[in-house]
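Chain by chain, the residues run as shown.
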Amino acid sequence: GMLHLIQHDNSNVLIQGRVTGLTPGLHGFHIHVNGNCDSPDGMSAGGHYAPAGGRHGAPSSKDHHLGDLGNIEADRSGVANVSVDVQGVSLALIGLNSIVDRAVVIHAGADDFSDPAGNSGARVACGVIEQDMDMRM
């Protein structure tokens, strides 16, 4: 699939696109700290992006990691159309809240928003975020 990241003000990034090859249903969707998708199991992406710490949770909850993006849903054919507005982050090259050189990870199962990581299972897709570039998953 392909995801496009668009900075639409100083602290919000819109992630849009289409991901294929998923199992039907909900999949945890997170930004991970390392911009590295080299390992087959996705573990090289590290943990969830949380520069201010805190607990894992739904993106709408008061206390959550900046990288907690909730769930995306794949249809019967395994296609997920993604449109997620990520608040508090930027595509600047530097800065505490920059998500450039981090990874977007899609998990095998749904994020149940429990701490520490949402119990969403294995990492099934990973893409590195680069400034002014589209991201292949």
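Cut-offs used in this document
Counting starts from 1 at the beginning of each chain's written sequence and moves along it residue by residue. For this predicted model, a pLDDT threshold of at least 70 governs which residues receive local features, and a threshold of 80 or more governs which side-chain atom pairs are given and counted, while totals over whole chains, interfaces and linings are taken from all residues. To get the side-chain values, all heavy atoms of the structure are used, and hydrogens and water are removed first. In this description, strands pair whenever DSSP reports at least two bridges between them. Strands here mean DSSP runs of E at least two residues long; helices mean DSSP runs of H or I at least four residues long; both are numbered from the N terminus. Axis lines are fitted to C-alpha atoms, over the contacting stretch for helices. Their N-to-C directions set the angle, which ranges from 0 to 180 degrees. By convention in this document, the label disulfide applies to cysteine sulfur atom pairs within 2.5 Å. Residue burial is assigned from relative accessible area. The probe radius is 1.4 Å, only protein chains are included, and a residue is buried under 20% of its type maximum, exposed over 50%, and partly exposed in between. Throughout, a contact is declared for two residues whenever any of their heavy atoms are within 4.5 Å. The salt bridge definition used is simple: a Lys or Arg side-chain nitrogen within 4 Å of an Asp or Glu carboxyl oxygen.

(A) Spatial organisation of the sheet that holds strand S6 (residues 103-107). Spatial ordering of the open sheet is given by S4-S3-S6-S7, a layout of four strands whose pairing is antiparallel. The sheet is open, and its two borders are formed by strand S4 (68-74) and strand S7 (123-128), each paired with just one other strand. Put simply, the sheet's adjacent strands are angled 25° from each other on average, direction ignored. Here S6 runs beside S7; their pairing, made up of five bridges, is antiparallel. The residue of S7 that forms the bridge with Val-105 is Cys-126.

(B) Molecular detail of the state of the cysteines. Using the criterion set out here, one finds one disulfide in the structure. Note that Cys-37 is cross-linked by a disulfide to Cys-126, the S-S spacing being 2.0 Å. With the S-S bond torsion at -65°, the cross-link from Cys-37 to Cys-126 turns out left-handed. With Cys-37 in the loop between strand S3 (25-32) and S4 and Cys-126 in strand S7, this residue pair connects regions lying 89 residues apart in the sequence. Using a relative accessible area of 23% as the deciding quantity, one classes Cys-37 as partly exposed. By relative accessible area, Cys-126 is classed as buried at 19%.

(C) A look at the side chain of His-65. Assignment of secondary structure puts His-65 in the loop between S3 and S4. A residue is classified by how much of its surface remains accessible, and His-65, at 8% relative accessible area, is buried. Filtering out sequence-adjacent residues up to four positions away, His-65 remains in contact with His-48, Tyr-49, Ala-50, Gly-53, Gly-54, Arg-55, His-56 and Pro-116.

(D) Quick peek at the environment of Val-105. Its place among the elements puts Val-105 in strand S6. Owing to a relative accessible area of 0%, Val-105 belongs among the buried residues under this scheme. In this structure, Val-105 is in contact with Gly-28, Phe-29, His-30, His-32, Ala-45, Arg-123, Ala-125 and Cys-126, ignoring residues within four places of it in sequence.

(E) Inspection of the pattern of salt bridges at higher detail. Under the defined criterion, the tally for this structure stands at one salt bridge. Here Asp-115 and Arg-55 are joined by a salt bridge, their closest N and O atoms 3.4 Å apart. Taken together, the residues Asp-115 in the loop between S6 and S7 and Arg-55 in the loop between S3 and S4 connect sequence positions 60 residues apart.

(F) Representation of the environment of Phe-113 in the model. By the secondary structure assignment, Phe-113 is in the loop between S6 and S7. In sequence terms Phe-113 and Arg-76 are 37 residues apart; their C-alpha atoms lie 24 Å from each other. Every residue in contact with Phe-113, bar those within four places of it in the chain, is listed here: His-56, Gly-57, Ala-58, Pro-59, Gly-70, Asn-71 and Gly-118.

Everything listed is a geometric property; what it means functionally is a separate question.
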